[in-house]
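Spelled out from the first residue to the last, the chains are:
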Amino acid sequence: MQTTWKGTISFGLVSIPVHLYSATQEHDVPLHQVHAKDGGRVRMKRYCEREEKEVPYAEIAKGYESPDGRTVTLTDEDLADLPLPSKKIIDVLAFVDADEIDPLMFSKAYYVGVADQAAAKPYALLRDALTASGQIAVTKIALRTRESPAVLRVHDGTLVLQTCIWPDEVRPAAGIAPEEDVTVRPQELKMARSLMDTLSEDFDLAQLHDDYQRALQQVITARLEGVELPHEEEPGEAPDNVIDLMEALRSSLKRAKGGRGHAAGPDEDRPEEQQPAPRKRAPVKKPAGSAAAAGKAAPAKRTAPAKKTATAKSATAKTATAKTATAKSTTAKAGAGKTATGKSTAPRKAS
């Protein structure tokens, strides 16, 4: 791994000679500019406006143009000899809790390694002290042509230097968030928390991949092989307005649970105050002559003799069950069927 910077960590009266190594690398498909007409490579040339000719890189220096139009030239020697205390020193200024530094200020990360074996013990001392305290060290460092604040923290048993931007380089966020008063109901907050918990189940950051790079590589391969370009089905457009926030949250929660193999019911995650009232079931009609119907036809009183009971039923019963009981009782007594009103339905004999 190539060394990016060499210097010393100043920790009180303790000095730790260290090297910095770039801790991150961006994977990308290298693209360059070409002439669209014939594919010829387009290159940028260093052109001097005064002499109207191309100049070699060795003759390039940095310059500054003042507001009144004057230009001063700064050579590499000028920049190397800047009267800067933090030029080769990472000066530890304070130790603070990690949440005191807004992540918005973080910039590039560097692994910190020891320059020689003599630095191993003070390196381990600073690393273990940071681990035990749960804090980070606030420092300053000059890298290339810029001095910036930085923090020292521990990652996988290794010190990491994370450069930061200056506090006054963070733009204010005033006027970006909604300024009007918005009331969030407790059930909406509860549903949002439930959705957050569901989406966080079994999440593994290492499983994320670069879909754009993969798709771009597929297009390049298709161009090289002269085959049809792959096409992705266009996703459905998301609604541009939210009509019912609760319904949107509920649908999102069902979709998230469904994607994890959990089929959510229509009202499974609805708050209690949103749960529908239980429906009343209509009484189920039992077929005439069944034991249940017979049980319902007779009131919950002491059972009378069979003949008296049949006579009482023939005078008062209106249901199909009572009709059946009455018909049976009348048949046993008179040999002829009667209706619920007691009138005979059999044909009269001729006199």
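Presented here is a report on the structure given in the accompanying data block.

### What about unusual backbone geometry?
So, point 1. Located in the positive-phi region is Glu52, a residue other than glycine, with phi close to 55°.
So, point 2. Located in the positive-phi region is Asp156, a residue other than glycine, with phi close to 55°.

### What to know about the environment of Pro56
So, point 1. Relative to the helices and strands, Pro56 resides in the loop between β4 (53–54) and β5 (62–65).
So, point 2. A residue is classified by how much of its surface remains accessible, and Pro56, at 42% relative accessible area, is partly exposed.
So, point 3. Separated by 10 residues in sequence, Pro56 and Arg46 place their C-alpha atoms 7.2 Å apart.

### So, the side chain of His19
So, point 1. In this fold, His19 is placed in strand β2 (residues 14–22).
So, point 2. The buried category is assigned to His19, whose relative accessible area is 16%.
So, point 3. Apart from residues lying up to four places away in sequence, His19 is in contact with Thr3, Trp5, Lys6, Tyr111, Val112, Gly113 and Ala115.

### Notes on the packing of aromatic side chains
So, point 1. Evaluation of the coordinates by the stated rule reveals 1 aromatic pair.
So, point 2. Here the basic side chain of Lys108 rests over the ring of Tyr110, its NZ or CZ set 5.7 Å away from the ring centre.

### Concerning the pairing of strand β10 (residues 146–155)
So, point 1. Sheet topology places strand β9 (residues 135–143) next to β10; 7 bridges connect them, and they run antiparallel. Bridge pairing in β10 places Thr139 opposite Ala150.
So, point 2. Bridge analysis of β10 against strand β11 (residues 158–164) gives 6 bridges, and the strand direction is antiparallel. In the strand pairing of β11, Ala150 is matched with Thr163.
So, point 3. Hairpin connection, β10 to β11: the antiparallel pair is bridged by 2 residues, and Asp156 has positive phi, about 55°.

### What about the pattern of salt bridges?
So, point 1. Applying the stated criterion to the full structure yields 7 salt bridges.
So, point 2. A salt bridge links Arg70 to Asp68; the shortest N-O distance between them is 3.0 Å.
So, point 3. Assessed through its relative accessible area of 52%, Asp68 is described here as exposed.
So, point 4. In this structure, the salt-bridge partner of Lys140 is Glu147, at a minimum N-O distance of 3.8 Å.
So, point 5. With a relative accessible area of 23%, Glu147 lands in the partly exposed category.

Thresholds, definitions, all that
Residues numbered from 1 in each chain as written. Predicted model: local features only at pLDDT ≥ 70, side-chain atom pairs only at ≥ 80, totals over all residues. Heavy atoms only, no water. Helix = DSSP H or I, 4+ residues; strand = E, 2+ residues; numbered from the N terminus. Buried < 20%, exposed > 50% of the residue type's maximum accessible area, 1.4 Å probe, protein only. Contact = heavy atoms within 4.5 Å. Phe/Tyr/Trp six-rings, centres within 6.5 Å; stacked < 30°, edge-to-face > 60°. Lys NZ or Arg CZ within 6 Å of the ring centre and 35° of its normal. Pairing = 2+ DSSP bridges. Salt bridge = Lys/Arg side-chain N within 4 Å of Asp/Glu carboxyl O.

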